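Understanding the architecture of this molecule
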Amino acid sequence: DISDVRRQIDEALGTVAPDVEREIAFFGGSFTGIDRELMISLLEISREYIKAGKVDSIRCSTRPDYINAEILDILGEYGVSTIELGLQSTSEAVLARSKRGHGFAVEREACRLIVERGISLVGQMMIGLPDSDISDELETADFIIKCGAEAARIYPTVVFFGTELCEMAKQGV
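Below is a summary of the structure that appears in this document. On a predicted model such as this, the values are computed, not experimentally measured, just so you know.

The rules we used
Residues numbered from 1 in each chain as written. Predicted model: local features only at pLDDT ≥ 70, side-chain atom pairs only at ≥ 80, totals over all residues. Heavy atoms only, no water. Helix = DSSP H or I, 4+ residues; strand = E, 2+ residues; numbered from the N terminus. Expected span 1.5 Å × (residues − 1). Buried < 20%, exposed > 50% of the residue type's maximum accessible area, 1.4 Å probe, protein only. Contact = heavy atoms within 4.5 Å. 1 Å grid on protein atoms, 1.4 Å probe; cavity = no way out; pocket = protein on both sides within 12 Å on 5 of 7 lines; lining within 4 Å. Points joined across faces, edges and corners; volume = space filled by probe spheres on them. Nonpolar A, V, L, I, M, F, W, Y, C, P; charged D, E, K, R; others polar. Pairing = 2+ DSSP bridges. Right-handed = clockwise from strand over helix to strand, strands pointing away.

Quick word on helix 5 (residues 104-116)
- When the terminal C-alpha atoms of helix 5 are compared, their 18 Å separation across 13 residues agrees well with the 18 Å that a helix rising 1.5 Å per residue should span.
- Taken together, the buried positions of helix 5 are Phe104, Glu107, Ala110, Cys111, Leu113 and Ile114.
- Along its buried surface, helix 5 packs onto helix 3 (69-77), strand 3 (80-86), helix 4 (92-97), strand 4 (120-127) and helix 6 (134-146).
- At the exit of helix 5 stands glycine 118, carrying a positive phi of roughly 80°.

See the structure below:
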C-alpha cells in the first residue's frame, strides 16, 4: 500500500548507521512496467528522502522491453542512479523457449539507452533456462561485460510446482 511506503522506508533507515550509503531499491518485479502513476508516486517519495539527505540513491530492476527514452526521462528526473536489467540470455532460442517476450535486439538496445544516459547498469543473467547450455551462458556473461554494465547478478533458474516451467522440466525439456 502506497500509504505505508514512508513508514517502511523510515523503519529500514532506522536499522542502518547514518554514515553508511543508503539506497532505496525497487526489486521483485519490473518496476518500469507497473502503473505509471504508482511508479511516479514511489519515485517522488524516494526523491524526498534524497533531498532530505536521508538516502543517497535510487535503484530499480526491470525488463529490457520496459525501457525506452520516455521511461529513462522519468527515471532520470527522479534521480534513479542504477537500473538492474533482466538479461537472462542473449540466445534467441533460449529467450523464445523461456517465453521472455522479447529478443536479444531489445536487450542490446535497452543496455545502449541506459549506458548512454549515464545510468549505472547491472545485468541480471539466469543460468539453467530451457535449452540453455554453458556456451549460451558464457555468451550472455560476455555480453554483460561488453555492453557497459558495471556489475552483474547471476541467478539460477528456479522451477515452481504447477508452472509451465515445471511441466517442461517433467518432460525433460
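Quick look at the layout of surface pockets
- Of the pockets and cavities examined, the largest pocket occupies roughly 530 Å³.
- Around the largest pocket sit 25 residues that line it, and Arg63, Gln88, Arg100, Met126 and Leu129 are the ones nearest its centre.
- Every element with two or more residues in the lining of the largest pocket is listed here: strand 2 (57-62), strand 4, strand 5 (151-156) and helix 7 (164-170).
- Split by residue class, the lining of the largest pocket holds 10 nonpolar, 10 polar and five charged.
- Taken as a whole, the second largest pocket spans an internal volume of roughly 260 Å³.
- The wall of the second largest pocket is formed by 16 residues, among which Val5, Gln8, Ile9, Ile24 and Phe26 lie closest to the centre.
- Secondary-structure elements contributing two or more residues to the lining of the second largest pocket are helix 1 (5-13), strand 1 (23-26) and helix 2 (36-51).
- Among the elements that take part in the lining of the second largest pocket, helix 1 stands out by supplying five residues, more than any other.

Section: the pairing of strand 2
- Judged by how many residues are buried, strand 2 sits mostly within the fold: six of six residues are covered.
- Side chains Ser57, Arg59 and Ser61 project from strand 2 onto one buried face, and the interleaved Ile58, Cys60 and Thr62 project onto a second face that is buried too.
- Pairing of strand 1 with strand 2, which is carried by four bridges, proceeds in the parallel orientation. Of the residues in strand 2, the one forming a bridge with isoleucine 24 is isoleucine 58.
- Where the polypeptide runs from strand 1 across helix 2 and back to strand 2, its parallel neighbour, the crossover connection is right-handed.
- Viewed along the sheet, the connection from strand 2 through helix 3 into strand 3 turns out right-handed.

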